[in-house]
Structure formats: structure tokens, C-alpha cells
Amino acid sequence: MLNFTPEERKVALFLLGLAFCGLVLSNLIKVNCRLEARVYPQIQLARLNLNKVSLSELASAKCVPVKLAQRIIEYRDFCKEFSSLEELKEVKGIGGKRFEKLKEIFFIE
Amino acid sequence: MKRLLAGLAACYALGIILADFIRLDYWWIISVAICLFVFASFGAKKARLFLILVLFLAMLAGCLNLKSSSNLSQCHLRNFVAYKDSCIYSVSGFVSSALESKHGLYWFTLRAQEIQVDKLKYNCCGELLVKMDFEPELNYGTNLTLTGNLRRLYSFRNQNQGYQNFLARQSIYLVMSVKEPRQIIRRPGSSGIKLIARCLALRAYLEKLISRHLPDLAAGILSAMVLGQKRAIPWLVNDSMVKSGTVHILVVSGFNVGIVAFTVNLLLKILRLGRKTRIMLTAICLLIYCLMTGSTNPVIRATVMGLVFLAAYLFKREPDIYNSLLGAALFILVINPRQLFDIGFQLSFISVLAIVYFYPKLEAWTHLELCRIKILKFIGQGCLVSFSAWLGTLVIIALNFRIIAPVTVLANILIVPLATLITLCGFTLVLSGLIYPDLAHLFSLPIAGLITLLLNINAVLVKLPGAFFYL
């Protein structure tokens, strides 16, 4: 029954190892909920926090022109913070099309 | 000549470049080609002369193919539309691509069959890009009639840059913006190739399967790595990977095709099938995977190379990497010679060519084969492969993207093995999801963890001092 070729053994080991990792991780997450945040990729890795991003970060990301980045920061300083992403439309230079792009770049905590 | 196919491909590509730079008359090229053909048939006995003439003929074939590809047929859709035109057209045809979307915008290509202008109907051919800001329920092959303005794109940039030229390389010259759903009228039946429709439907199903087991971000990255579907990749992740020079892991390439071939072959081996049957079935699976991932240049390159290697394995011949690589380039360029000016095509082939050419030389120069510690040898080989690819693509990336990223070498050493593991796990997830969905959930957790690790490593590398700089 265990007359496997070396390649088949490697595949079986890989599958078993993967399943074993999955079991261990799912148990660890059940025991400690904080681990979930470590295992699943967080939104901070894919988007910028609109209420915390600095001008230099915004400019270096090159997602908006420097002037517009300045206006976004000025608006945030004026209003203390953005309460929703929709508020970005209030900034001069952000129309419907640009907003569609920006809402996939920023997030609000 | 040991590498005749490679020589033919190189001369053919040279012909395309010549035809692009120098304005050669079509009939002049044909007359020279006829003369060369006559000379070649007379000089068939002298091997060297014959070879030179054949290579010249390949060059002229490249010139001719580029010239003829820019001449559109009389019934082409573009010939019915003027530059500044406000007419309402009615175009009938079928959807010839999968529906794509980004930033709330949806688009697909329509293969036109009939156009109606001022109540007069004409048969036509050619493709049309259709854009809209609502999601239509359309699949590949759906028969449609679209009503609206047709717009010809004009580029102010040079011949090979800009959006218009990008579309022209895909034989698309017209765009229709659809504002309302009533502009789209479905017609009964479906057209197109059934196999492509099935492959695209399978891709959509697998995408849903991945997103069922993983959170959005991880699902988007895995879909890009396994299925070549990049639409769910966040801008910041893509940008960060461009800066670290590892964006190639987010597209389906030779590496993925290799994994598919290896996995299929292994599964068939476990089923104790014969060698010939295994090779045939692996080749069929490679073709299906190529169609499923959208038949992009890197996938076509890898599929053709894979088929050449399988054929060599079938006929028990020694495959030549240069012949198979440049044979794949020739295959793509014969179908569409303008692909030579596409940055994706250039990067795909030059990176592989650079690895094949530089790696053995660098390995001999560094005396890596003398290293007895396996792990050090493995890391060293990774460094050299990464450095070879970086060296080969450095100029093209600097000229086109205005970025030089020295961190690329280090980033690839760390990220590529991780991406390999993620891709292998991704294929396992997809296969288990098809066979036994409960098991797929078990596999999804390690994948999510690995993707998190990959994104964190990439974020750290990009923040290193001197990691990248813009020109």
C-alpha cells in the first residue's frame, strides 16, 4: 500500500504538512483571537490610513499629485479628521472619477 | 547551424524593427524576397549561402508581416468611422473577452460582425473596446447589438507609446462608451470558441472558490498568482511590488505553467498512466491553463516552451532552451508582429534570456559549484538567478518606468521562494476546493499567513534606505 515513488512521497508530505499547519493555526486562532490579525493580511498593508498618513508618505506613494496631497492634509487638519471616505469629495480637485480611485487607496479606522 | 529556430526568430524580429524604423515600400520588399527565394532555390547545394539567404528571407518576412498588419481590410470597423464623428452607430457582434473591471469601470471587447450607419447595414470585421460604469451580465461569446458613439483614439506620443498604441497592438482602434444599459441589446445564441468560453467560466468559478475561503486582500493576491486575474490587487500593493522589483510574482508566468505541468504529470503518474498518455494530457492541460489565464504573452511564451520540452521528452530528444524560447517569440510575433514593441513582451523574453545567458557564466565565475554546504549553494544560486534577471531587464525598466531598484536582487531572494510556496498552496487549495471544499478551508489558513508574511517582507524591503530611486 505504501509503495510510493519518491515524488509521490514528497507530494503526500507536502499535503499533510499543509493540512497540519492549517489545523494548528485554526486551533491557535480559537485559543487566542489576537492571532487572527497576525495570520490574515491587515488592511494597513494594502491601503493608507487617511487620518494618519503624513504628507511625505502621501507624496512618496505617488497616488495623488503633491498639490492635491497638500490639500488633503490641509483639509484633514482643518476638520481634525475625516469621518468617512465620502468626505474626500469636499477637497478641491477630487471629482467623481478620482474619488473612485482614491477610495481604493485609503481607509478610515 | 545548431540553433536555426533561434536564428530565424532573431532575424524575423530584426525585420520587424527595420520595418518600423525605415519606411520601406511593400512591393520593394516583395520583389527582394522573390529574388532571394530564387537565389536560395539555386544555391540550395551550398549550405552556408543557403542559410544566409534563408535568414534574410526571415528578416523580410518580419518586414512584410508588420507592413501587412498595419493595413486593415476594407470592411474593418475603423473604416466606417471618422475622427471627429458624432453619428450614432449600431454595432452587432459577440463579446470576445472576459468582462474586466477597475475603479467602478467595466469593459470588454466586442468582435464586430455588422454595423448600421444611417439606416444602412454593412458587414464588417475588427474589434471594439466597450466601456461602461455599470456592471452588465455578459459572458464570453454573448451575441450583442450596441448603440452609441464610436470614438477613434488619437495619440500625441511617439509611435510605440500611449494608450492608443497599446490598444492598436491588440488590433483595437475604436472605443464605445455605454452610458445606459438600454444601449446594450442581447441577441439570442452565442458565438466564439466554445473551449475559451468554458475556460473563462472555469476561471470565474475558481475565483469565487478562492474568495470563499480567503479574505479579500489575500484572495486578490492568490487569484493573481494562480489565475492571472489582477483586478482585485490593491494599488498600494502593486506599487510596492513595482518598487521592490517583485511585481512579476503577481502575474501568471512560466513558473506557474511549470507548476501546472509538474502537478498534472505527477497526478497522472499516481494514476499509473503510460508515458505518452501523460505527456499528451499534460500538453492539453497546459493549453487549457493558457486559455484560462487570458493567453497573455508570458503565459503563451511559457506554454510554447513547455510544449517544446514535452515534445522533446516524447520524442526522446535533447531540448534546446534558446530554440524553444525564441521559437515561442516567433510564434507570438507571427500572429501579431506589433507585440515586439510591447513592454510586457520585451520584459518576459529578455528576463528569461538574461537568466539563460548570464546565470551559467556567473556561476562559473563565482565557482559556486565548489560550495559544499547545500543551503549556501541554494541561496547563492537564487542570488545569481535574481541578479541575472535584474541585469537583463535593468535598461528596459529604467527607460520605461524611470525607476532603478537595487533592492530587487535581495527582494527576489526572499520573496520568490515564498511566492513559490504560496502558488503551490494556491493550486492545492483550488484542487481541493474542486474535489472536497471542506478540506480547502483547512489549507486556506497557512496560505493567508504566507501572504501576510510576503506583504510584510515587501513593505520592510521597500523602506530600506536606497531600496529604489526614480530617474
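Residues numbered from 1 in each chain as written. Chains lettered and ligands numbered in written order. Predicted model: local features only at pLDDT ≥ 70, side-chain atom pairs only at ≥ 80, totals over all residues.

## Points about the overall build of chain B
Item 1. A tally of helices and strands in chain B yields 15 helices and 11 strands.
Item 2. The globule rule puts the C-alpha radius of gyration for 471 residues at 23 Å, and the 24 Å found for chain B is close to it.
Item 3. By principal-axis analysis of the C-alpha atoms, chain B measures approximately 75 × 65 × 55 Å.
Item 4. In chain B, which comprises 471 residues, the share counted as buried stands at 34%.
Item 5. When contacts within chain B are restricted to residue pairs at least 6 apart in sequence, long-range pairs at least 24 apart make up 72% of them. (Helix = DSSP H or I, 4+ residues; strand = E, 2+ residues; numbered from the N terminus. Rg over C-alpha atoms; globule rule 2.2 N^0.38 Å. Buried ≥ 20, exposed ≤ 12 C-beta atoms within 10 Å, placed from the backbone. Contact = placed C-beta atoms within 7 Å.)

## What about the packing of helix α12 (residues 343–366) of chain B against helix α13 (residues 374–401) of chain B?
Residues and elements named next belong to chain B.
Item 1. Taken N-terminus to C-terminus, the directions of α12 and α13 make an angle of 145°; their axes are 7 Å apart at the nearest point. Note on packing geometry: the crossing formed by α12 with α13 is right-handed. Residues I343, Q346, L347, I350, S351, L353, A354, I355, F358, Y359, L362 and E363 of α12 lie in contact with α13, whose contacting residues are L384, V385, F387, S388, A389, L391, G392, T393, I396 and N400.
Item 2. Looking at side-chain class alone, the contact of α12 with α13 contains 15 nonpolar, 6 polar and 1 charged residues. (Axes fitted to C-alpha atoms, helices over the stretch in contact; angles between N-to-C directions. Left-handed = near helix turned anticlockwise from the far one by under 90°. Nonpolar A, V, L, I, M, F, W, Y, C, P; charged D, E, K, R; others polar.)

## With respect to the domain arrangement of chain A
Item 1. Taken as a whole, chain A is organised into domain 1 (6–40) and domain 2 (44–107).
Item 2. Taking only C-alpha atoms, the centre of domain 1 of chain A and the centre of domain 2 of chain A are 38 Å apart. (Domains from an automatic or database assignment.)

## Observations regarding unusual backbone geometry
Residues and elements named next belong to chain B.
Item 1. The backbone of D118 shows a phi angle near 50°, a positive value even though the residue is not glycine.
Item 2. Locating D118 in the fold gives a position in the loop between β3 (105–117) and β4 (120–123).
Item 3. Judged by the 7 C-beta atoms lying within 10 Å of it, D118 falls in the exposed class.
Item 4. A positive phi is found at K316, a non-glycine position, where the angle reads about 55°.
Item 5. Structurally, the position occupied by K316 is in the loop between α10 (297–314) and α11 (321–335).

## Remarks on helix α6 (residues 216–227) of chain B
All names here are of chain B.
Item 1. Relative to the 16 Å expected for 12 residues at 1.5 Å per residue, α6 spans 15 Å between its end C-alpha atoms, a close match to the ideal helical length.
Item 2. Of all 12 residues in α6, 11 are buried, a share of seventy percent or more.
Item 3. Here the buried face of α6 lies against α5 (194–213), α14 (407–435) and α15 (437–462).
Item 4. Downstream of α6 by one or two residues, G228 has phi in the positive range, about 70°. (Expected span 1.5 Å × (residues − 1).)

## Side note on the domain arrangement of chain B
Item 1. Parsing chain B into structural domains produces domain 1 (4–70), domain 2 (77–192) and domain 3 (250–341).
Item 2. Placing the centre of domain 2 of chain B and that of domain 3 of chain B at their C-alpha centroids yields a distance of 32 Å.

## Describing the interface of chain A and chain B
Item 1. Contacts between the two partners involve 24 residues from chain A, matched on the other side by 25 residues from chain B.
Item 2. Sorting the residues of the side of chain A that touches chain B by element identifies α1 (6–31) and α5 (96–102) of chain A as the ones contributing at least two each.
Item 3. Ranked by the residues each element gives to the side of chain A that touches chain B, the list is headed by α1(A), at 11 residues.
Item 4. Classifying every residue of the side of chain A that touches chain B by side-chain character gives 16 nonpolar, 2 polar and 6 charged.

## As for the pairing of β3(B)
Residue and element names in this part refer to chain B.
Item 1. Here 6 bridges tie strand β1 (residues 89–95) to β3, and the two strands are oriented antiparallel to one another. By the bridge assignment for β3, G93 is matched with A112.
Item 2. Relative to β3, strand β2 (residues 100–102) is paired through 3 bridges, and the arrangement is antiparallel. The partner of S101 across the bridge, within β3, is Y106.
Item 3. Linking two consecutive strands that pair antiparallel, namely β2 and β3, is a turn of 2 residues; a positive phi of about 50° is found at H103 within it.
Item 4. Sheet analysis places β3 next to strand β5 (residues 127–132), joined by 6 bridges and oriented antiparallel. Bridge assignment links W107 to a residue of β5, and that residue is K131.
Item 5. As defined by bridge partners, β3 adjoins β4 across 4 bridges and the pair is classed as antiparallel. Of the residues in β4, the one forming a bridge with V117 is L120. (Pairing = 2+ DSSP bridges.)

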